[in-house]
Number of protein chains: 2
Amino acid sequence: MARPQSRTAEARRSRHPDGRRRASHSMESVLTEAVALLDEAGAQALTFRALAQRLGGGVASIYWYVASKEELLDRATDHVIGTVLADIERLPALDDPIDDLRAMALTLFDAIVDRPWLGAYFMRETDVQGNSLRLYEKLGEPTLRLDLTARQRFHAVSAVVGVVVGSAVDLGQEPPQEVLDGAVNREDFLHRYAQAWRELDPAEFPFVHEIVDEFDGHDDVDQFRSALELTLTGLRLQAGTGTGA
Amino acid sequence: MARPQSRTAEARRSRHPDGRRRASHSMESVLTEAVALLDEAGAQALTFRALAQRLGGGVASIYWYVASKEELLDRATDHVIGTVLADIERLPALDDPIDDLRAMALTLFDAIVDRPWLGAYFMRETDVQGNSLRLYEKLGEPTLRLDLTARQRFHAVSAVVGVVVGSAVDLGQEPPQEVLDGAVNREDFLHRYAQAWRELDPAEFPFVHEIVDEFDGHDDVDQFRSALELTLTGLRLQAGTGTGA
DNA sequence: AGCTACGATAGAACAACGTTCGATACGACG
DNA sequence: CGTCGTATCGAACGTTGTTCTATCGTAGCT
């Protein structure tokens, strides 16, 4: 009934009399392999059977470490958020709080670009223990140096997180197999969409026509940076602290 | 092999010799019931078996109308986005393009508040036919009246959509059963979280302590409005068109 | 050393799901 | 009355998360 508390359990293997092995896991190895599975082939590739095979053990063994797939996902997410948090804490402190905020948000977004599946599960658990809350705290600390009310600070961080998540969800959209197979790369895929848009009636879709060239081959990071910049500008204006101009 | 093209197929019923019924669906009824299922019990409640039972027919019949669950989800989403689009088109045109943008974004967000499951699936298909692209067009049109480059317009709409989606994902988080059962309402749930936060070390979590009172019992719509306002102010500044001040 | 209690592993089975198959009913047209 | 295309349905298949029950291996005790 109890859960493994000692994380010092090393990955060791012992031999069974009849030659069959008995795998020996650890919370660390389970999480690491789960994340590897997610990284390599996306969310749908993470199944208990696939994970068990990767660990060289049985399916039911995983249930010794996690009570459900939900918990597995939560723990795996928290695991990588831990590394993001470390990246953010390594960031050099800047003079301008808003510059700090931007740097943190970009670090977070970069991590999601590397791991698109994060976009969907990120912010699922605001458990008291766990790295999400610590990340939230770190994102909020720069706002303490801005001239804002508590409510404005709360809303400001929510806004920044919202922009990150909003862009991340876009990113997390599983490409429709063709590009996963490598048969079509992302640029061609975008280009095909753009081409279809160009054939729409310009009178009925004036805006789509206006931006189709920008959409075609656009960079996700650029898109995110622009969105982030808009909220940061709004925030700077709200704080009344000019850029110096 | 063909798909139903005539949407005039009425919901009629005929009697089987042995007394068993044969249900008669239509694309409309399938989508309507699918949406009803989603509305009543969330995304996980929409299964082919549950939907078939609701339609009074067999499971396989649904496959006459949709080729997969993915397509069912896409069509259902598009179905309700159609109503959102209608709401947005009914909006009175305002003098200020940014006021238009705000009104549209709020209408969209309201729809997601009513249907939290929308947050996850919204923006899944940017198919050329379909209401998502039309919605995107409508959201973009106000930017045509702003003094911006095409790229800025593209990024502006992406930013607004990002804020909506970002807040929506927060909303779409399935409450952990307790509040679904009605045993605990949302306010108590938030309050419990807030209480846990208050017990954290203030030195380690200064920001969390600063905003915990705001978090406790906060309103999601307020949160969204604030986030939206930040990007809109940023946008207004970018367009160089002052509010009049 | 032998015994025991518990930490940890695993195969088999279960229920639910998306999906496919083959059979069959119905209405329209000849 | 037979035929064809539309539409429906029960049954089955494969995969998934999860549970049950049996077992192994080691640490700790006598």
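Residues numbered from 1 in each chain as written. Chains lettered and ligands numbered in written order. Predicted model: local features only at pLDDT ≥ 70, side-chain atom pairs only at ≥ 80, totals over all residues. Heavy atoms only, no water.

## Considerations on the packing of aromatic side chains
The final tally for this structure, using the stated rule, is 14 aromatic pairs over all chains. Ring geometry for A:F109 against A:F224: centres 4.0 Å apart, planes inclined by 5 degrees, an arrangement best described as stacked. Here A:F109, found in helix α4 (residues 97-114), pairs with A:F224, found in helix α10 (residues 220-239); they are 115 residues apart in sequence, far enough to count as distant. Residue A:F109 shares its accessibility class with A:F224, and that shared class is buried. With a centroid separation of 4.7 Å and 10 degrees between ring planes, the pair formed by B:F48 and B:Y63 is classed as stacked. Here B:Y63 lies in the loop between α2 (48-55) and α3 (69-90) and B:F48 lies in helix α2, a separation of 15 residues in the sequence. The class of B:F48 is buried, set by a relative accessible area of 11%. Classification of B:Y63 by relative accessible area gives partly exposed; the value is 42%. (Phe/Tyr/Trp six-rings, centres within 6.5 Å; stacked < 30°, edge-to-face > 60°. Helix = DSSP H or I, 4+ residues; strand = E, 2+ residues; numbered from the N terminus. Buried < 20%, exposed > 50% of the residue type's maximum accessible area, 1.4 Å probe, protein only.)

## Brief notes about the relation of the copies chain B and chain A
Aligned on chain A, chain B shows an RMSD of 0.0 Å; the corresponding rotation is 180 degrees and the shift along the axis is 0.0 Å. Expressed as an axis order, the relation between the two copies is that of a two-fold axis. A share of 100% of interface residues in chain B that are also interface residues in chain A marks the association as one of identical surfaces. (Least-squares fit on C-alpha atoms with pLDDT ≥ 70 in both. Contact = heavy atoms within 4.5 Å.)

## Remarks on the packing of helix α4 (residues 97-114) of chain B against helix α10 (residues 220-239) of chain B
Residues and elements named next belong to chain B. Packing of α4 against α10 leaves a shortest axis separation of 11 Å and a crossing angle of 155 degrees. Taken together, the axes of α4 and α10 lie roughly antiparallel to each other. Both α4 and α10 take part in a crossing whose hand is right-handed. Counted together, I98, D99, L101, R102, A105, L106, F109 and V113 of α4 and D220, V221, F224, R225, L228, E229, L232, L235 and R236 of α10 form the full contact between these two elements. Residues that form the contact of α4 with α10 fall into these classes: 11 nonpolar, no polar and six charged. (Axes fitted to C-alpha atoms, helices over the stretch in contact; angles between N-to-C directions. Parallel < 35°, antiparallel > 145°, perpendicular 65-115°, else oblique. Left-handed = near helix turned anticlockwise from the far one by under 90°. Nonpolar A, V, L, I, M, F, W, Y, C, P; charged D, E, K, R; others polar.)

## As for the protein's contact with DNA strand D
What surrounds DNA strand D is a group of 27 residues, the closest being A:R49, A:K69, B:A23, B:H25 and B:A60. For DNA strand D, the backbone makes up 57% of the atoms found within 4 Å of the protein, where backbone means sugar plus phosphate. One of the side-chain nitrogen or oxygen atoms of A:Y63 is found 3.1 Å away from a phosphate oxygen of DNA strand D. Here A:K69 contributes a side-chain N or O atom positioned 2.6 Å from a phosphate oxygen of DNA strand D. Contributing elements (two or more residues each) for the surface near DNA strand D: α2 (48-55) of chain A together with β2 (21-22) of chain B. (Near = heavy atom within 4 Å. Polar contact = N/O pair within 3.5 Å; in protein donor to acceptor, adjacent residues only side chain to side chain.)

## Remarks on the interface of chain B and chain A
Contact residues are listed per partner, giving 53 residues for chain B and 53 residues for chain A. Between chain B and chain A lies a buried interface of about 4,800 Å² when both sides are counted; carbon and sulfur atoms form 71% of it. For the chain B face of the interface with chain A, the top three residues by lost area are B:F154, B:F207 and B:L230, together amounting to 15%. Counting across the interface, chain B meets chain A through six salt bridges. A salt bridge links A:R134 to B:E204; its shortest N-O distance comes to 3.0 Å. Across the chain B-chain A interface, the total number found is 14 residue pairs in polar contact (both at pLDDT 80 or more). Looking at the side of chain B that touches chain A, the elements with two or more residues in it are α6 (131-144), α7 (150-172), α8 (186-198), α9 (206-215) and α10 of chain B. Per-element tally for the side of chain B that touches chain A: the top contributor is α7(B), with 14 residues. Across the side of chain B that touches chain A, the residue classes break down as 27 nonpolar, 15 polar and 11 charged. (Buried area = accessible area lost by both parts, 1.4 Å probe. Salt bridge = Lys/Arg side-chain N within 4 Å of Asp/Glu carboxyl O.)

## A word on the environment of B:L190
Residue and element names in this part refer to chain B. Mapped onto the elements of the fold, L190 is located in helix α8. The spacing of L190 and H218 is 28 residues in sequence and 8.4 Å in space, taken between C-alpha atoms. L190 has contacts with F215, D216, G217 and H218, leaving out every residue within four places of it along the chain.

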